[in-house]
Amino acid sequence: EAGVAQSPRYKIIEKRQSVAFWCNPISGHATLYWYQQILGQGPKLLIQFQNNGVVDDSQLPKDRFSAERLKGVDSTLKIQPAKLEDSAVYLCASRSVVGGNYNEQFFGPGTRLTVL
Amino acid sequence: DAKTTQPTSMDCAEGRAANLPCNHSTISGNEYVYWYRQIHSQGPQYIIHGLKNNETNEMASLIITEDRKSSTLILPHATLRDTAVYYCIVRGLIQGAQKLVFGQGTRLTINP
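Presented here is an overview of the structure given in this document. (Residues numbered from 1 in each chain as written. Chains lettered and ligands numbered in written order. Predicted model: local features only at pLDDT ≥ 70, side-chain atom pairs only at ≥ 80, totals over all residues. Heavy atoms only, no water.)

Overview of the pattern of salt bridges
Residue and element names in this part refer to chain A. Counting across every chain of the model gives 3 salt bridges over all chains. Put simply, Asp 86 and Arg 64 hold a salt bridge, and the shortest N to O gap is 2.5 Å. Taken together, the residues Asp 86 in the loop between strand E8 (75-79) and strand E9 (88-95) and Arg 64 in the loop between strand E6 (53-56) and strand E7 (65-68) connect sequence positions 22 residues apart. (Salt bridge = Lys/Arg side-chain N within 4 Å of Asp/Glu carboxyl O. Helix = DSSP H or I, 4+ residues; strand = E, 2+ residues; numbered from the N terminus.)

Here it is as structure tokens:
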């Protein structure tokens, strides 16, 4: 089966600009996650969707970050305006809920954002 | 979620078994132990998970101590492609406690 797709793979912007990332999860996966991974650290969950509803966005900096999953499939993550400390890899993951809550998450390759 | 403690880095010779330890002394009864790995420039990849019994799949074995306060991931015949950061994560299964909380992980280097 096709994996989680993300685009773009790389993005360089200047601070105070805006940027958007796109994620297409594995077909049929109801749960979608966005993570931020700063260099040298493990991924940190930003937001979790179940279909098109938000389950957990407790660590999303809502003054500048927003995310949506309007039709319960693709998702976009936006940063406006970007700060230097937003430089990181943004990972999207999806998970099937069929069969139980122990199903693993499948991760995309990530988008590497550099803010200058 | 319970906190896990892992060594920062480890080395292993190619062809040998790589044994990666993890401490999770505050794990609760309904929390599973998950292992993921992240190869350079890729997203994390699921390896294995378990509750209290030892588990084995095509990638690795997971040994969980009887008191569940620690576990060991075993890669039986390590190859150069196993060089990665390995994350041990404790995760609940009840609604609202299912998220993965990644620590720093163990950077495993397989040497030829």
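So, the interface of chain B and chain A
Much of the literature gives interface size as the accessible area that the parts lose upon coming together. Counting residues at the interface gives 19 residues for chain B, matched by 22 residues for chain A. Together chain B and chain A conceal approximately 1600 Å² of surface at their shared face, both sides included; 47% is due to carbon and sulfur atoms. Counting across the chain B and chain A interface gives 3 residue pairs in polar contact (both at pLDDT 80 or more). At the level of elements, strand E3 (31-38), strand E4 (45-50) and strand E8 (84-92) of chain B are the ones that each hand at least two residues to the side of chain B that touches chain A. (Contact = heavy atoms within 4.5 Å. Buried area = accessible area lost by both parts, 1.4 Å probe. Polar contact = N/O pair within 3.5 Å; in protein donor to acceptor, adjacent residues only side chain to side chain.)

Re the packing of aromatic side chains
Throughout the structure, instances matching the rule amount to 11 aromatic pairs over all chains. Taking the centre distance of 5.9 Å and the plane angle of 85° together, the rings of Tyr35(A) and Phe102(B) count as edge-to-face. Of this pair, Tyr35(A) sits in strand E4 (residues 31-37) while Phe102(B) sits in the loop between E8 and strand E9 (106-111), placing the two residues on different chains. Here Tyr35(A) falls in the buried class, since its relative accessible area comes to 0%. When the ring of Tyr36(B) is compared with that of Phe102(B), the centres are 6.1 Å apart and the planes differ by 70°; the resulting orientation is edge-to-face. In this pair, Tyr36(B) is assigned in strand E3 and Phe102(B) in the loop between E8 and E9, connecting sequence segments 66 residues apart. The pair Tyr36(B) / Phe102(B) is uniform in exposure class, with both members buried. (Phe/Tyr/Trp six-rings, centres within 6.5 Å; stacked < 30°, edge-to-face > 60°. Buried < 20%, exposed > 50% of the residue type's maximum accessible area, 1.4 Å probe, protein only.)

Focus on the environment of Tyr86(B)
All names here are of chain B. Mapped onto the fold, Tyr 86 is located in strand E8. Tyr 86 sits 42 residues away from Pro 44 along the chain, and the two C-alpha atoms are 8.9 Å apart. Look past the residues within four positions of Tyr 86 in its chain and what remains in contact with it is Gln 6, Leu 20, Trp 35, Tyr 36, Arg 37, Ile 47, Leu 73, Leu 75, Gly 105, Thr 106 and Leu 108.

Re the sheet that holds E8(A)
Residues and elements named next belong to chain A. With respect to topology, 4 strands assemble into an open sheet ordered E1-E3-E8-E7, the strand pairing being antiparallel. Sheet topology places strand E1 (5-7) and E7 at the edges, where each strand pairs with a single neighbour. Sheet twist, expressed as the mean angle between neighbouring strand axes with direction ignored, is 15°. In the sheet, E1 pairs with strand E3 (residues 19-24) via 3 bridges, with the strands oriented antiparallel. Looking across to E3, one finds that Gln 6 is bridged to Cys 23. (Pairing = 2+ DSSP bridges. Axes fitted to C-alpha atoms, helices over the stretch in contact; angles between N-to-C directions.)

With respect to the state of the cysteines
Think of a disulfide as a covalent bridge from one cysteine sulfur atom to another cysteine sulfur atom. As enumerated under the stated definition, the model contains 2 disulfides over all chains in all. Across the disulfide, Cys23(A) is cross-linked to Cys92(A) (sulfur-sulfur distance 1.9 Å). Between Cys23(A) and Cys92(A), the disulfide has an S-S torsion of -70° and is therefore left-handed. Here Cys23(A), found in strand E3, pairs with Cys92(A), found in strand E9; they are 69 residues apart in sequence, far enough to count as distant. According to the relative accessible area criterion, Cys23(A) is buried, its value standing at 0%. Here Cys22(B) connects covalently by a disulfide to Cys88(B), the sulfurs 2.1 Å from one another. The chirality of the disulfide connecting Cys22(B) with Cys88(B) is left-handed, given an S-S dihedral of about -80°. Remark: Cys88(B) occurs in strand E8 and Cys22(B) occurs in strand E2 (residues 18-23); sequence separation between them is 66 residues. Here the two residues Cys22(B) and Cys88(B) agree in accessibility, since each one is buried. (Disulfide = S-S within 2.5 Å.)

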